[in-house]
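Listed below are the residues making up each chain.
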Amino acid sequence: MSIFEYNGSAVVAMVGKNCFAIASDRRLGVQLQTIATDFQRISKIHDHLFIGLSGLATDVQTLYQRLVFRHKLYQLREERDMKPETFASLVSAILYEKRFGPYLCQPVIAGLGDDNKPFICTMDSIGAKELAKDFVVSGTASESLYGACEAMFKPDMEAEELFETISQALLSSVDRDCLSGWGGHVYVVTPNEIKEKILKGRMD
Amino acid sequence: MGDSQYSFSLTTFSPSGKLVQIEHALTAVGSGQTSLGLKASNGVVIATEKKLLSILVDEASVQKIQHLTPNIGTVYSGMGPDFRVLVRKSRKQAEQYLRLYKEPIPVTQLVRETATVMQEFTQSGGVRPFGVSLLVAGYDDKGPQLYQVDPSGSYFSWKASAMGKNVSNAKTFLEKRYTEDMELDDAIHTAILTLKEGFEGEISSKNIEIGKIGADKVFRVLTPAEIDDYLAEVE
């Protein structure tokens, strides 16, 4: 079994009309055994920037701590929040630093940039950025997620419809993957508020 | 670094609480050729005297005003070779920032990093402070900005400032002539008039240098022909 499949994960982000949604599953496993059903894979960097990390759980936590550290210093020095594009470049540089002993994570970055334009991107474990205009996926359930998102996605969805679409895409994809699931965690972010919801799916 | 006999810091405190080496560095700056800068409502201008050692020097090869990035330029008063070293370091820092964040470095950040380098040379073993004060002119998302950086590593944001031989006359002149809502062309005229104040000899496009940056965010050094046009307008 690949080391990327040791803990199991599913992360997805979608673009809407002046908003974005980012969602993940909640299972933390050690191969076939489920250890926790409330594992936090998505973290807030600032009010308009979120990062979801799939892959090996220890690297998920360490990488998140390093990124928060870097962003806090940036905020203090530059007296402003990081733009999503800038943050994505930073994550890519940090991952590439460990080119020959990488963090075993695939990040999904979602944020609102200048003029509240939604920005999403993903990258592999050594920092190859992939920008997308519609959705990005990552984790052990990524293949199912690609299919579900491709089928369900529509451009320019409002926040409520975006929430429904991303939730359905996530839940149906993790049902096809034994290593991810046990509920979902969804954030829908508009220029003025952050809506956080827990999904109840098949608990198996 | 070097002999162990010289591995102490050359800048040590005097009993009066001063760092004498920095005072001497400021003296070196104060005997350098005059340079000045003005912040207009829509841009920044920096200018300097360019008095060469003899008429045989190829003045086209001498450039005192340098780019740090496409939208940040700088000029100095003091020791030219020290300026070259600082420009090199600052350019590298600006490029490193761009490589990391894929975003051009904000003016305040570049000024801070340059000032940090200058401060390090006041607290390290076997080195001396830089004998230059810099005027950094840039235009970024926060608008036009003008900063002065001293050999001690302190930096200040100015609306208008001068450094070098003629600093007190120049600053008095600027205090009288400066207005907040000046446009870039007016600022260039005022800069030329200020340089003229203490100028020994005839001012011409061959013995001054002017750099400007406007809302287009591109820093440019004016050609001698452009300087001649401005000089003619001033007459």
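See the structure shown above.
This text gives an overview of the structure that appears in the document.

What counts and what doesn't
- Residues numbered from 1 in each chain as written.
- Chains lettered and ligands numbered in written order.
- Predicted model: local features only at pLDDT ≥ 70, side-chain atom pairs only at ≥ 80, totals over all residues.
- Heavy atoms only, no water.
- Patch = residues over 30% accessible without salt bridge, like charges linked within 9 Å, V, L, I, M, F, W, Y side chains within 5 Å.
- Areas by Shrake-Rupley, 256 points an atom, 1.4 Å probe, with all protein chains shown as cover.
- Salt bridge = Lys/Arg side-chain N within 4 Å of Asp/Glu carboxyl O.
- Helix = DSSP H or I, 4+ residues; strand = E, 2+ residues; numbered from the N terminus.
- Buried < 20%, exposed > 50% of the residue type's maximum accessible area, 1.4 Å probe, protein only.
- Pairing = 2+ DSSP bridges.
- Axes fitted to C-alpha atoms, helices over the stretch in contact; angles between N-to-C directions.
- Contact = heavy atoms within 4.5 Å.
- Buried area = accessible area lost by both parts, 1.4 Å probe.
- Polar contact = N/O pair within 3.5 Å; in protein donor to acceptor, adjacent residues only side chain to side chain.

This part covers a nonpolar patch on the surface. Residues and elements named next belong to chain A. There is a patch of nonpolar side chains on the surface, built from Ile3, Tyr6, Val30 and Ile35 and spanning about 320 Å² of accessible area. On the secondary structure map, Ile35 appears in strand 4 (residues 33-36). Since its relative accessible area comes to 48%, Ile35 is described here as partly exposed.

This part covers the sheet that holds strand 8 (residues 118-123) of chain A. Residues and elements named next belong to chain A. Pairing within the open sheet is antiparallel, and its five strands lie in the order 5-6-7-8-9. On the outer flanks of this sheet lie strand 5 (42-46) and strand 9 (129-132), each paired with one strand and no other. Averaged over all adjacent pairs, the angle separating strand axes in this sheet is 20°, with direction ignored. Pairing analysis gives four bridges linking strand 8 to strand 9, with the strands arranged antiparallel. When the bridges of strand 9 are listed, Ile120 appears paired with Ala132. Each of strand 5, strand 6 (49-55), strand 7 (105-112), strand 8 and strand 9 touches helix 2 (residues 84-97); the most contacted strand, strand 8, lies at about 10° to it.

For the rest of this paragraph, the subject is the interface of chain A and chain B. In this assembly, eleven residues from chain A lie in contact with ten residues from chain B. Of the roughly 940 Å² buried between chain A and chain B on both sides combined, carbon and sulfur atoms contribute 41%. Together, Arg77, Glu78 and Ser89 of chain A form the three largest contributors to the area buried by chain A at its contact with chain B, with a combined 44%. Counting across the interface, chain A meets chain B through one salt bridge. The partner of Glu103 of chain B in a salt bridge is Arg80 of chain A, with the nearest N and O atoms 2.8 Å apart. Viewed at the interface, chain B and chain A are joined by five residue pairs in polar contact (both at pLDDT 80 or more). Among the secondary structure elements, those contributing two or more residues to the side of chain A that touches chain B are helix 1 (57-78) and helix 2 of chain A.

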